[in-house]
Amino acid sequence: MAFRDDYMDLNKELTFDNQVIFISGTPCTGKTTIATELNDYLINNGCDSTLIKINDLAVEKDLVLGEDPDKYYKVIDIDRLNDVLKDEIAEFKSECSSIPKALVVEGHLSHLCEGADKMIVLRLNPSFLKSRLEARDYTESKVNENLEAEALAVCSAEAYELYDEELNEIDTTDKSIDDVLSVILDVINDNAHYPADSIDFMDWFLS
């Protein structure tokens, strides 16, 4: 997914008031790109929008406990992350604005935290995800681990524990940035809902 400079072509009216939007998913499903583009689109269409990147927040607030020596993941204190994010959300909701407000929270761990008005998990067919993971020079074991997690919908299953039927799953496979943004805007405007279990990549897993 490439970044764009045009944010008016979607022609989506913003009908919501204040929204806290979490965007999560398996690594390389497009979270950072989509969250950044969404935040920019909202700002350029009359919304007071702020983007929080979970990984940056964890580093800034000293929530990193260490690194997994086998998987090379940063180990984050999830309980403290949840508390810090709650404070960020409380501050966001306390600030008055004459225009619609949005807080976009992006990151693989966001679905483990509370406070989202819209919980969105991006999905991508493992056949497409594989090349993206390999392009990051992940080890073979790390690539396979993430592909299996995506096929088994691990992020969605974890998000469902907190958000139940409020969870939205969006399949980004073969979709442009505009396509995905259009779907997300429909979700945050309460014009569409994409429930858990609506996407099935098990055929890839079983093949």
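Residues numbered from 1 in each chain as written. Predicted model: local features only at pLDDT ≥ 70, side-chain atom pairs only at ≥ 80, totals over all residues. Heavy atoms only, no water.

Asker: When you look at unusual backbone geometry in this model, what are you seeing that I'm missing?
Answerer: Glycine aside, the phi torsion of most residues is negative, and most peptide linkages are trans. Look at Asp137: it is not a glycine, yet its phi comes out positive at around 65°. Position of Asp137 relative to the elements: it lies in the loop between α4 (126-135) and α5 (140-151). (Helix = DSSP H or I, 4+ residues; strand = E, 2+ residues; numbered from the N terminus.)

Asker: So what exactly am I meant to see when it comes to the packing of aromatic side chains here?
Answerer: Given two aromatic rings, their pairing is described by the distance between the two centres and the angle made by the two planes. Within this structure, the stated rule accounts for 0 aromatic pairs. Over the ring of Phe92 we find Lys101, and its NZ or CZ is 4.4 Å from the ring centre. (Phe/Tyr/Trp six-rings, centres within 6.5 Å; stacked < 30°, edge-to-face > 60°. Lys NZ or Arg CZ within 6 Å of the ring centre and 35° of its normal.)

Asker: How should I be thinking about helix α1 (residues 31-44) in this particular structure?
Answerer: Every α-helix carries 3.6 residues per turn, so stepping three or four residues along brings you back to the same face. End to end, α1 covers 20 Å across 14 residues, agreeing with the expected 20 Å (1.5 Å per residue, within 8%). Counting buried positions along α1 gives 10 out of 14 residues, so the element sits mostly inside the fold. By the burial criterion, the buried members of α1 are Lys31, Thr33, Ile34, Ala35, Thr36, Glu37, Leu38, Asn39, Tyr41 and Leu42. Contacts made by the buried residues of α1 are with β1 (18-25), β2 (48-53), β5 (101-106), β6 (118-123) and α7 (177-188). (Expected span 1.5 Å × (residues − 1). Buried < 20%, exposed > 50% of the residue type's maximum accessible area, 1.4 Å probe, protein only. Contact = heavy atoms within 4.5 Å.)

Asker: Would you mind going over the sheet that holds β6 with me for this structure?
Answerer: As a general point, the strands of a sheet are linked pairwise by backbone hydrogen bonds and lie either parallel or antiparallel. Sheet architecture is open: 5 strands sit in the order β2-β5-β1-β6-β7, paired in parallel fashion. Edge positions in the sheet fall to β2 and β7 (167-171), since each has one partner strand and no second. Neighbour-to-neighbour, the strand axes of this sheet turn through a mean angle of 20°, independent of strand direction. Across 5 bridges, the pairing between β1 and β6 is parallel. Each residue of the ladder has a partner; that of Ile21, found in β6, is Lys118. Against the sheet, α7 makes contact with β1, β6 and β7, and its axis sits at roughly 155° relative to β6, the strand it touches most. (Pairing = 2+ DSSP bridges. Axes fitted to C-alpha atoms, helices over the stretch in contact; angles between N-to-C directions.)

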